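# Fold and geometry: a report
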Amino acid sequence: MDKVSCRSCGTCVLVEKYSDQHTSVQWNKTAMADCAELSGNALSHTCGALRASIDEAVASGAVGVSTRDVDVRTRGRTLA
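Residues numbered from 1 in each chain as written. Predicted model: local features only at pLDDT ≥ 70, side-chain atom pairs only at ≥ 80, totals over all residues. Heavy atoms only, no water.

With that settled, the discussion passes to the sheet that holds strand β2 (residues 12-17). Strand order in the open sheet formed by 3 strands is β1-β2-β3, and the pairing between neighbours is antiparallel. Two strands in the sheet have a free side with no partner beyond their single neighbour: β1 (2-5) and β3 (23-26). Strand-to-strand twist across the sheet, computed as the mean angle between neighbouring axes with direction ignored, equals 40°. Bridge analysis of β1 against β2 gives 4 bridges, and the strand direction is antiparallel. The partner of Val4 across the bridge, within β2, is Val13. (Pairing = 2+ DSSP bridges. Helix = DSSP H or I, 4+ residues; strand = E, 2+ residues; numbered from the N terminus. Axes fitted to C-alpha atoms, helices over the stretch in contact; angles between N-to-C directions.)

Membership of the largest hydrophobic core is limited to 12 residues, which are Val4, Cys6, Val13, Val15, Ala31, Cys35, Leu38, Cys47, Leu50, Ile54, Ala57 and Val63. Where this core is concerned, the elements lending two or more residues are β2 and α2 (48-60). Among the elements that line this core, the one with the most residues is α2, at 3 residues. The residues contacting Leu50, other than those within four sequence positions of it, are Val4, Cys6, Val13, Val25 and Trp27. (Core = buried A, V, L, I, M, F, W, Y, C linked by side-chain atoms within 4.5 Å. Buried < 20%, exposed > 50% of the residue type's maximum accessible area, 1.4 Å probe, protein only. Contact = heavy atoms within 4.5 Å.)

A covalent bond bridging the sulfur atoms of two cysteines is what the word disulfide describes. Enumeration according to the criterion identifies 0 disulfides in this entry. The thiol of Cys6 is unpaired, and the distance to the nearest cysteine sulfur, on Cys9, comes to 4.1 Å. Relative accessible area serves as the criterion here: at 5%, Cys6 is assigned to the buried category. (Disulfide = S-S within 2.5 Å.)

Moving on, we get to α2. Taking 1.5 Å of rise per residue, the 13 residues of α2 would be expected to cover 18 Å, and the 18 Å separating its terminal C-alpha atoms lies within 8% of that figure. Residues of α2 that are buried include every one of Leu50, Ser53, Ile54 and Ala57, and no others. One side of α2 holds all its buried residues, which, seen down the axis, span an arc of 100°. Taken together, the buried residues of α2 touch β1, β2 and β3. (Expected span 1.5 Å × (residues − 1). Arc of directions from axis to C-beta.)

Joining the antiparallel neighbours β1 and β2 is a turn of 6 residues, in which Gly10 adopts a positive phi near 85°. Taken together, the 4 bridges between β2 and β3 define a ladder with antiparallel strand orientation. Residue pairing across strands places Leu14 opposite Gln26, the latter belonging to β3. Here β2 folds back onto β3, and the loop between the two strands holds 5 residues.

Scope: geometric values only; no functional claims are made or implied.
Here is the structure:
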């Protein structure tokens, strides 16, 4: 997973992109509390500003698209 920071509020999450339609985002408690769109809003389950930041990271190549043909935890790398 790749770290992506929101260009609006700076909240940092982990992102794995599997296809144009499938994106996995891991939030932690700090990120949820720091997000301007999510904090205190129990009805919202997404942040438009972060979504735009993720889309920009994918478009620039900072976040690649995983093919799921390797272990996503290591992305096929051998851990020492």
